[in-house]
Amino acid sequence: MSVADAANASRRRRVRAPSRGRRLTQALVPYAYLSPTLILLMVLMVIPIVMVVGYSLMDAVIAARESHFIGLGNYVEILTSSKFRTALANTFWFVAISVVAHMLLGLGFAMLLNSESVSAVTRTVFRTLFVLPWLLTVAIIAILWRLLLNPNGVVNAILPGLGVVSGQHEWLADPDIALAAVTFINIWSGYPFFMISILAGLQGIPKDLYEAAEVDGAGPIRRFWSITLPQLRPIIISMALLDVIWTSQQFALIWMTTGGGPLDRTEVLSTFTYKLAFSEYDFSGASASAVIVLVLSMILAFFYVRSQQVRE
């Protein structure tokens, strides 16, 4: 090979091989496209969370000119507070009953809408009626049920006539009934999410499985326990975990119906934290309560992500 050929070959290799600067630029291009979103997340999520964690370790923040570092003092005060324990117990009751009811109602209505024994027209009508609560905003749902459960509302006009109750009831103002009433409203407004998801899962189950089970002599109940539930288990677990996360953070519905009352009977963690900040102006305690809620939510999110990984 001549000297000229060797020089040309070396020149071609230099042209083909990108420089280190060009490789670095190519590696940074995806991050440049993501930078607006990353900056937005930083401003709207990371920085506020860091600030709240910092506030939770100080005393008399925002409301006072000077604040001092007190470590975990706010957390000790919150965790030993009787109001916090009441809110935690109410939240657990509210979430547990709501999620179980959402699951059962969603599964039942989904199976009804997927049944071939019901005509197509009837399924269409039922599907519209069942999905209707999901189409309403929280504000409309709260106002609607406050009117329905009013002492002079429709519920108090119908139930005494049916002999279910006697006289008029303050459904949202009675300490013994308020939490159950709010939970019922949340169940009514949230079950369509389960129903639609489970209905999609039911329609994805191969019919060959049911035909083979029927040939083997399996009845409807046996087919439900041996085919339907195992096929729907990943969907049900995922939806249940999501519902636990969302329901545990429910604020607007409770605040617009009972405001956490009466006598703290419907107080949940979200309304408890809100009142600490904007009623008692204890922003340090509210920050500590918010961090506790954040930790609980992260634990639930961890289990949800783990269930999704197992499903994949």
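Residues numbered from 1 in each chain as written. Predicted model: local features only at pLDDT ≥ 70, side-chain atom pairs only at ≥ 80, totals over all residues. Heavy atoms only, no water.

1. Notes on the overall build of the protein
Here's step 1: Assigned secondary structure in the protein consists of 13 helices and zero strands.
Here's step 2: Start at the N end of the protein and walk to the C end: the helices and strands fall as α-α-α-α-α-α-α-α-α-α-α-α-α.
Here's step 3: By the compact-globule yardstick of 20 Å for 312 residues, the protein is too spread out, its C-alpha radius of gyration being 28 Å.
Here's step 4: Overall size of the protein, expressed as C-alpha extent along the three principal axes, is 110 × 75 × 30 Å.
Here's step 5: Residues classed as buried in the protein amount to 35% of the 312 residues present. (Helix = DSSP H or I, 4+ residues; strand = E, 2+ residues; numbered from the N terminus. Rg over C-alpha atoms; globule rule 2.2 N^0.38 Å. Buried < 20%, exposed > 50% of the residue type's maximum accessible area, 1.4 Å probe, protein only.)

2. Structural notes on the domain arrangement of the protein
Here's step 1: Taken domain by domain, the protein consists of domain 1 (20-56) and domain 2 (80-310).
Here's step 2: If you look at the interface, domain 1 gives five residues, while domain 2 gives six residues.
Here's step 3: Together domain 1 and domain 2 conceal approximately 390 Å² of surface at their shared face, both sides included; 78% is due to carbon and sulfur atoms.
Here's step 4: One can count zero salt bridges joining domain 1 with domain 2.
Here's step 5: Seen at the junction of domain 1 and domain 2, the total is zero residue pairs in polar contact (both at pLDDT 80 or more). (Domains from an automatic or database assignment. Contact = heavy atoms within 4.5 Å. Buried area = accessible area lost by both parts, 1.4 Å probe. Salt bridge = Lys/Arg side-chain N within 4 Å of Asp/Glu carboxyl O. Polar contact = N/O pair within 3.5 Å; in protein donor to acceptor, adjacent residues only side chain to side chain.)

3. Some details on the layout of surface pockets
Here's step 1: A volume near 630 Å³ is recorded for the largest pocket.
Here's step 2: Lining of the largest pocket is provided by 17 residues; of these, Asn-114, Ser-115, Glu-116, Lys-207 and Tyr-210 occupy positions nearest its centre.
Here's step 3: Looking at the lining of the largest pocket residue by residue, the classes come out as seven nonpolar, four polar and six charged. (1 Å grid on protein atoms, 1.4 Å probe; cavity = no way out; pocket = protein on both sides within 12 Å on 5 of 7 lines; lining within 4 Å. Points joined across faces, edges and corners; volume = space filled by probe spheres on them. Nonpolar A, V, L, I, M, F, W, Y, C, P; charged D, E, K, R; others polar.)

4. A closer look at the UniProt feature "transmembrane region" (unreviewed entry) in the protein
Here's step 1: Those places that UniProt annotates as "transmembrane region" (unreviewed entry) correspond, in this numbering, to residues 31-57, 92-113, 125-145, 177-202, 232-256 and 283-305.
Here's step 2: Taken end to end, residues 125-145 is 90% helix and 0% strand, and its first and last C-alpha atoms sit 23 Å apart.
Here's step 3: Counting secondary structure, residues 232-256 comes out at 88% helix and 0% strand; the distance between its end C-alpha atoms is 35 Å. (UniProt positions renumbered as here; feature names shortened; annotations may be inferred.)

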